[in-house]
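Structure assessment
These are the residues of each chain, in order.
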Amino acid sequence: DWSSDVCSSDLDDKALKACGLSGPKMRYARGLAEDIASGRVDLAGLDAMDDETAIAELIKLKGIGRWTAEIYLLASLGRPDVFPVDDLAVAAAASHLKGRRTRFSRRHLLKLCEAWRPWRSVAARLLWHYFRSAMMGPGRPRVGPPRKRKRIKASEAKAAAPRGSKRRVLPSVKPKVRPRRKSR
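Attention here is on the structure that accompanies the text. On a predicted model such as this, the values are computed, not experimentally measured, just so you know.

**Comments concerning the pattern of salt bridges**
In the structure shown here, the tally under the stated rule is 11 salt bridges. Measuring nitrogen to oxygen at the nearest pair gives 2.9 Å for the salt bridge that ties Glu70 to Arg66. Separated by four residues within a single helix, Glu70 and Arg66 lie in helix 6 (residues 66–76), roughly one turn from each other. With a relative accessible area of 3%, Glu70 lands in the buried category. In this structure, the salt-bridge partner of Glu114 is Arg120, at a minimum N-O distance of 3.8 Å.

Take a look at the structure:
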């Protein structure tokens, strides 16, 4: 049983640190393992509970917050309608797809994802995929809306173009300034 392995002295702090766990995470992992080994937590029983009840049960455990509980339901239990609204990647991807320059607030994201019921878990997975591939993929080191390209003058572009290049250079366009209307 993995919970008794985590509780045992075979996995000392050095071994857990090598796995990437910080001091607090080691304490939380050991506490969770002890709760499972002693029977204080019944992970199999979570499967029979509705989403909010299962989240409430998981949040009672030290070191488990709402985001962790939602991710557990979505990834481990395969729940179809859990949306991790506090996930930064999900919020960034949804905001980017909607063309926003800033990330959606929690309240706005909750309102947006209501339309995706009863398949909000699928929407979360698609948003994670979009975040990893389109926003963080090769050549995309930044998070946020795409930057506008700086316009350069035709003379600068010609100077930068390789000699003999047949590439057409578009001249820069100056915005037209409209005269202000006088108020009546």
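**What about the nonpolar core?**
Leu58, Leu73, Phe83, Ala94, Leu109, Leu127 and Phe131 are the most contacted members of the largest nonpolar core, which has 29 residues in total. Every element with two or more residues in this core is listed here: helix 5 (51–59), helix 6, helix 7 (88–97), helix 8 (106–113) and helix 9 (120–135).

**Observations concerning the packing of helix 7 against helix 9**
For the pair helix 7 and helix 9, the least separation of the axes is 8 Å and the interaxial angle reads 75 degrees. Taken together, helix 7 and helix 9 sit at an angle that is classed as roughly perpendicular. Residue-level inspection shows Ala89, Val90, Ala92, Ala93, Ala94, His96 and Leu97 of helix 7 in contact with helix 9, the latter providing Ala124, Leu127, Trp128, Tyr130, Phe131 and Met135. For the contact of helix 7 with helix 9, the residue count by class is 12 nonpolar, one polar and no charged.

**Side note on unusual backbone geometry**
With omega at 0 degrees, the peptide bond leading from Arg117 into Pro118 counts as cis. Tracing the chain through its elements places Pro118 in the loop between helix 8 and helix 9.

**Considerations on helix 7**
For helix 7, the tally of buried residues reaches eight of 10 residues, placing the bulk of the element in the interior. For helix 7, the set of buried residues is Ala89, Val90, Ala91, Ala92, Ala93, Ala94, Ser95 and His96. Where helix 7 is buried, its residues meet helix 8 and helix 9. Sitting at the amino-terminal end of helix 7 is Asp87, which places a side-chain oxygen 3.1 Å from the backbone nitrogen of Ala89. In the segment just after helix 7, Gly99 is the residue with positive phi, at about 75 degrees.

Reading guide: rules and limits
- Residues numbered from 1 in each chain as written.
- Predicted model: local features only at pLDDT ≥ 70, side-chain atom pairs only at ≥ 80, totals over all residues.
- Heavy atoms only, no water.
- Salt bridge = Lys/Arg side-chain N within 4 Å of Asp/Glu carboxyl O.
- Helix = DSSP H or I, 4+ residues; strand = E, 2+ residues; numbered from the N terminus.
- Buried < 20%, exposed > 50% of the residue type's maximum accessible area, 1.4 Å probe, protein only.
- Core = buried A, V, L, I, M, F, W, Y, C linked by side-chain atoms within 4.5 Å.
- Axes fitted to C-alpha atoms, helices over the stretch in contact; angles between N-to-C directions.
- Parallel < 35°, antiparallel > 145°, perpendicular 65-115°, else oblique.
- Contact = heavy atoms within 4.5 Å.
- Nonpolar A, V, L, I, M, F, W, Y, C, P; charged D, E, K, R; others polar.
- Polar contact = N/O pair within 3.5 Å; in protein donor to acceptor, adjacent residues only side chain to side chain.

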